Amino acid sequence: MGAALALIGSIALLFATQPASAIGTAVPLGTAASYSVLGGQTVTNTGPSVLSGDLGVSPGSAITGFPPGIALGTTHAADAQALQAQSDLTIAYNDAAGQAPDSSIAGDLGGLTLTPGVYNASSSIGLTGTLTLDAEGDPDAVFVFQVGSTLTTASASTVALLNDAQACNVFWQIGSSATLGTGTTFVGTIMALTSISVTTGTTVDGRALARNGSVTLDTNVFTSSACVTAPPTDNPTDNPTDNPTDNPTDTPPGDDDGTPPGDDDGTPPDDDDGTPPGDDDGIGGGGGSPGDGTPDTLAVTGPSVNAPLLVAAVVTILLGAGLITTSIRMHRTKT
């Protein structure tokens, strides 16, 4: 009974110490993913802004300030592509808004360090200083922010990424409008119901996507970092760097250098290192087949990994022998 209770307690402790899984999932952006900036009515720019992706507007058609602004992708104004992007943006916006929240946030996010999850604010949110997003070593970790009203960052504010957090997995669903203050370093995809204002000198690793209103820019740089997926936890195949047992380019069987068959170095046949025939390593034995480099009997270089089992078996045998001896003696005493 005591052993059973200890086992149950250990299992309970194991599960109790496992970290809770965040429920946030990456928001599907569809064709809107290729856009750095997408407006609903207009997109206006001042200064030499640079957009790494597409630029578009729909159902409005006005795009001004390009040049001096530069869009390295394609520009779409009130065409079928921009219309499709707006449709996909609506789906993405609703997806982000519909995810069940992990935690509530309010006020100013400056100075906070947040782990992956879905964060909900019933009204406006501010950012003064630095907000740190910590993925805790998981490059697939997702951060979703649901903001009921407006998002406003103060000048020189920063959204920083820590421990494999990636900009491609950060999403801001804004119920009204977003304003990024002068010199802000921002991360993530902004999906605003109304408008987005990106002020002088602000950089964005992500997107500014406005559904119904306008996007205004002023000497900004937009980049879009590609997602890096987590490596597999286990290699399903053998290590590709494993050395083969024989040279795969050999033409004669068992021969690595054109010498007689079964010989790798010009010494007697079936010998790879000048030792007696059939021995590849100077030990003798040859591993059960000529020229394979493996001795018939492996040397023991340390205690076996089954030593505890061996000890337990020996102890069991000794205890059994003792019980048998005691039984014999008791039988003789009675007779």
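Residues numbered from 1 in each chain as written. Predicted model: local features only at pLDDT ≥ 70, side-chain atom pairs only at ≥ 80, totals over all residues. Heavy atoms only, no water.

Draft legend 1. Here's a closer look at the pairing of strand β21 (residues 203-210). With 7 of 8 residues buried, β21 lies mostly within the body of the structure. Bridge count between strand β19 (residues 185-192) and β21: 8 bridges; the pairing is parallel. Opposite Val187, over in β21, you have Asp205 as the bridge partner. Of the strand pairs in this sheet, β21 and strand β23 (residues 221-223) are connected by 3 bridges, and their pairing is parallel. Within β23, the position partnered with Thr203 by the bridge is Val221. (Buried < 20%, exposed > 50% of the residue type's maximum accessible area, 1.4 Å probe, protein only. Helix = DSSP H or I, 4+ residues; strand = E, 2+ residues; numbered from the N terminus. Pairing = 2+ DSSP bridges.)

Draft legend 2. Broad picture of a negative patch on the surface. Side chains of Glu136, Asp138, Asp140 and Asp164 sit close together on the surface and give a patch of like negative charge. Here Asp138 shows up in the loop between β13 (130-134) and β14 (143-147). Taking the relative accessible area as the measure of exposure, Asp138 reaches 33% and is therefore partly exposed. (Patch = residues over 30% accessible without salt bridge, like charges linked within 9 Å, V, L, I, M, F, W, Y side chains within 5 Å. Areas by Shrake-Rupley, 256 points an atom, 1.4 Å probe, with all protein chains shown as cover. Salt bridge = Lys/Arg side-chain N within 4 Å of Asp/Glu carboxyl O. Lys, Arg positive; Asp, Glu negative; His and termini not counted. Charge placed at Lys NZ, Arg CZ, Asp CG, Glu CD.)

Draft legend 3. A look at helix α2 (residues 80-98). Compared with the 27 Å implied by 1.5 Å per residue over 19 residues, the 27 Å span of α2 between its first and last C-alpha is a close match. Every buried residue belonging to α2 is among Ala82, Ala85, Gln86, Asp88, Leu89, Ala92, Tyr93 and Ala96, and all of these are buried. (Expected span 1.5 Å × (residues − 1).)

Draft legend 4. Examining the environment of Ala71 more closely. Note that Ala71 resides in strand β6 (residues 70-71). Judged by relative accessible area, Ala71 falls into the partly exposed class, the value being 21%. Put simply, Ala71 and Asp54 are 17 residues apart on the chain and 6.4 Å apart in space, counted from C-alpha to C-alpha. When residues no more than four places from it in sequence are discounted, the contact partners of Ala71 are Leu51, Gly53, Leu55 and Phe66. (Contact = heavy atoms within 4.5 Å.)

Draft legend 5. Structural view of the packing of aromatic side chains. Counted according to the given criterion, the structure contains 3 aromatic pairs. Between Phe145 and Trp172 the ring centres are 4.1 Å apart and the planes differ by 10 degrees, which places this aromatic pair in the stacked class. With Phe145 in strand β14 and Trp172 in strand β17 (residues 170-174), this pair connects stretches of sequence that are 27 residues apart. Feature note: the residues Tyr119, Phe145, Trp172 and Phe186 constitute an aromatic cluster, connected by ring pairs. The side chain of Arg211 reaches across the aromatic face of Tyr93, ending 4.8 Å from its centre. (Phe/Tyr/Trp six-rings, centres within 6.5 Å; stacked < 30°, edge-to-face > 60°. Lys NZ or Arg CZ within 6 Å of the ring centre and 35° of its normal.)

Draft legend 6. Focus on the side chain of Ser36. As for its position among the elements, Ser36 is in strand β1 (residues 35-39). With residues up to four places along the chain from it excluded, the contact list for Ser36 reads Leu51, Ser52, Gly53, Asp54, Gly206, Arg207, Ala208 and Phe222.

Draft legend 7. Looking closely at the sheet that holds strand β9 (residues 107-108). Pairing in this open sheet of 8 strands is parallel, and the strands run β5-β2-β22-β20-β18-β15-β12-β9 from one edge to the other. Edge positions in the open sheet fall to β5 (62-64) and β9, since each of these has one partner strand only. With 3 bridges connecting them, strand β15 (residues 151-153) and strand β18 (residues 178-180) associate as parallel partners. The residue of β18 that forms the bridge with Thr152 is Thr179.

Draft legend 8. Up close: the environment of Ser176. By the secondary structure assignment, Ser176 is in the loop between β17 and β18. For the pair Ser176 and Ile196, spaced 20 residues apart in sequence, the C-alpha separation works out to 9.1 Å. Setting aside its immediate chain neighbours within four residues, Ser176 contacts Gly148, Ser149, Thr150, Ala192, Leu193, Thr194 and Ser195.

Draft legend 9. Seen up close, unusual backbone geometry. The omega torsion of the bond from Ser58 to Pro59 falls at 10 degrees, within 30 degrees of zero and hence cis. Along the chain, Pro67 connects to Pro68 via a cis peptide bond; the corresponding omega equals 10 degrees. Relative to the assigned elements, Pro68 resides in the loop between β5 and β6. In this model, Ala78 sits at a positive phi of 55 degrees, which is unusual for a non-glycine residue. Residue placement: Ala78 occurs in the loop between β7 (75-77) and α2. Judged by relative accessible area, which is 42%, Ala78 ranks as partly exposed.

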